[in-house]
Structure formats: structure tokens, C-alpha cells
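Coordinate analysis (summary)
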Amino acid sequence: MKALAFCAFVLAAPACAETYDVSLGGKTLGQLSYAQTGDKATLVSTLDNTPLGVFNGTFTGTSTGNAASSLFVGNSSSSRKQRLVEVEITENRAVRADITPLDEQTELSETARVPAGVMDPVRAMGQLFRARGCPARLNMYDGRRVVTIEPDAGSQSDNTLNCTLSYRVVAGPGHLSPLRVTSARMELTYDTTGARQTLQQMCISSGIFSVSLIRQD
């Protein structure tokens, strides 16, 4: 899940999903989809065209409940490793985290170390995909680390809303070992035509890396 979580990371696209191409330097690496039906939200992604196949893999994340109390299950698989994560959050507090294999656990897998006020990765991404205006500040917990996503600036031009956010790992290891990336800049572009605001593009950059999610029409 490292690359997928950082890039805001498909076995099969869910019905009525919002689907995005994942691209790097103009090259499409794969796809990512988000869907929500009732109390269940799903984030699914496949990367099958990464350079030399290094980050090829799939991720399926489901969250049952709501933004405050949920059961998150994340299953990531690649040629290098496979990881299964279950996180239970009650009233924005992590109360249980199970990770298989055990050597994928971190000190933040002990939920007593996790600060209050968190939501799981699928709910957090949902806040970005389904925002009204620029997304509000949020704390995301994936069973291994805590990330804060915070708005920096926003501007409206005609029917386009541009939002800039900061992405910071505030507890636990960084992404993409051994690089240990702990911060990134996020630029979100929304179409505000009509009653519903829709995310058209998300760019995530850190150092020389810049990954984009581009909505499929």
C-alpha cells in the first residue's frame, strides 16, 4: 500500500465509481476508483505500468460505518509483498489495528500511541473526492502511521475551484522505504458547475516526484 497510499493510492471498479487515471510524467501507470453506497465506501486501485514494474500491484480498501466510527480493511498485493490491514475506529479514536504479516507492523500499530481525531484512509480520501469547497483539515490513520492533510490555499475561477493542501506524516514511518517520504504538496482541481462539486484532477508532488490522478469522463 505504500505507493498507493502516498499517491492516494483495481481489481474491478465498483459500480457508479469515480475513476481516475494515475499518471507520472505524462505516462499512465494505472487506475484508481472511489465509490460510496450507504455506509460502505470503497477505494480500489491497480498500478500495472510503473517503470520496470517496480511499483506494480493492487490495493482494495473498504470502510464500513462513517467518518467518525468505521471498520477499515485494506488489502495490498504486489510481486514484492502482500499486506492485510484491519483498523477499527470508534468516535475518531483508533481502538484496534491488526496487520499481517507481523513484520509490517510499526510502533503506531499499537493504537494507544495513536492520537485522537483520526479517520481511516478510505474515509479520508472520500473527504477529498466529495468535498464541498476546499477540503477541511483531517487526520488519517492507516494502521502504520498518522498523516495530517491540511488546506493551504484555495481560489475560484468561473466554474473551477483550485485547492492546495499539505500532506505530512506526523507519526510513524514515511512512505516508500527506504526513501521515507514524510511530506508532499497536493493540488486539487474541482468542477463546480451545477449542484455537485466534482474532483477533476489531483496532483501530488514531493521532491522530484509528481503523480497525478486525472478523472475519466
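This text goes with the structure placed above it.
Residues numbered from 1 in each chain as written. Predicted model: local features only at pLDDT ≥ 70, side-chain atom pairs only at ≥ 80, totals over all residues. Heavy atoms only, no water.

Residues apart from glycine generally show negative phi values, whereas peptide bonds are mostly found in trans. Going from Thr100 to Pro101, the amide bond is cis rather than trans, its omega being 0 degrees. With respect to the secondary-structure elements, Pro101 resides in the loop between strand 7 (93–100) and helix 2 (121–129). For Asp158, which is not glycine, the phi torsion reads 55 degrees and is therefore positive. Within the secondary structure, Asp158 is located in the loop between strand 9 (146–157) and strand 10 (160–171). (Helix = DSSP H or I, 4+ residues; strand = E, 2+ residues; numbered from the N terminus.)

Moving on to the side chain of Asn139. Inspection of the secondary structure puts Asn139 in strand 8 (residues 138–141). When its relative accessible area of 15% is taken as the criterion, Asn139 is described as buried. Here Gly117 takes part through its backbone oxygen, which lies 3.4 Å from a polar atom of the side chain of Asn139. Within polar-contact distance, the side chain of Asn139 engages the side chain of Thr148 at 2.7 Å. Excluding residues within four positions of it along the chain, Asn139 makes contact with Gly117, Val118, Met119, Val147 and Thr148. (Buried < 20%, exposed > 50% of the residue type's maximum accessible area, 1.4 Å probe, protein only. Polar contact = N/O pair within 3.5 Å; in protein donor to acceptor, adjacent residues only side chain to side chain. Contact = heavy atoms within 4.5 Å.)

The residue Val114 is located in the loop between strand 7 and helix 2 in this model. Taking the relative accessible area as the measure of exposure, Val114 reaches 7% and is therefore buried. Sequence separation between Val114 and Ile149 is 35 residues; the distance between their C-alpha atoms is 16 Å. Not counting residues within four places of it along the chain, the set of residues in contact with Val114 comprises Ala94, Leu108, Tyr141 and Val146.

Our focus in this paragraph is the state of the cysteines. Within the structure shown, the criterion is met by one disulfide. Across a sulfur-sulfur distance of 2.0 Å, Cys134 and Cys163 are joined as a disulfide pair. Negative torsions about the S-S bond denote left-handed disulfides, and the value of about -90 degrees found for Cys134 with Cys163 makes this one left-handed. Taken together, the residues span a long stretch of sequence, with Cys134 in the loop between helix 2 and strand 8 and Cys163 in strand 10 at a distance of 29 residues. (Disulfide = S-S within 2.5 Å.)

Once that is clear, we can look at the packing of aromatic side chains. According to the stated counting rule, one finds two aromatic pairs in the structure shown. An aromatic cluster is built from Tyr20, Tyr34 and Phe129, whose rings are joined through pairwise contacts. (Phe/Tyr/Trp six-rings, centres within 6.5 Å; stacked < 30°, edge-to-face > 60°.)

For the rest of this paragraph, the subject is the pattern of salt bridges. Going through the model one piece at a time under the given rule, you end up with 13 salt bridges. The residue Glu187 makes a salt bridge to Arg185 at a minimum N-O spacing of 3.1 Å. Looking at Glu187, the relative accessible area reads 36%, which means it is partly exposed. Connected via shared salt-bridge partners are Glu18, Arg130, Arg196 and Arg215. (Salt bridge = Lys/Arg side-chain N within 4 Å of Asp/Glu carboxyl O.)

A few words now on the environment of Leu29. Counting through the fold element by element, Leu29 comes out in strand 2 (residues 27–37). A residue is classified by how much of its surface remains accessible, and Leu29, at 8% relative accessible area, is buried. Residues Leu29 and Pro51, 22 residues apart in the sequence, show an inter-C-alpha distance of 8.4 Å. Excluding its chain neighbours within four sequence positions, the residues that come into contact with Leu29 are Val22, Ser23, Leu24, Thr46, Leu47, Asp48, Asn49, Thr50 and Pro51.

Two elements, strand 1 (residues 18–24) and strand 2, share seven bridges in a ladder whose sense is antiparallel. Of the residues in strand 2, the one forming a bridge with Asp21 is Gln31. Connecting the antiparallel pair strand 1 and strand 2 is a turn made up of two residues, with Gly25 showing a positive phi of about 60 degrees. Of the strand pairs in this sheet, strand 2 and strand 3 (residues 40–47) are connected by eight bridges, and their pairing is antiparallel. Bridging from a neighbouring strand, Gln36 pairs with Ala41 of strand 3. (Pairing = 2+ DSSP bridges.)

Now for helix 2. Burial of helix 2 is extensive: eight of the nine residues sit out of reach of the surface. Listing the buried residues of helix 2 in full gives Pro121, Val122, Arg123, Ala124, Met125, Gly126, Leu128 and Phe129.

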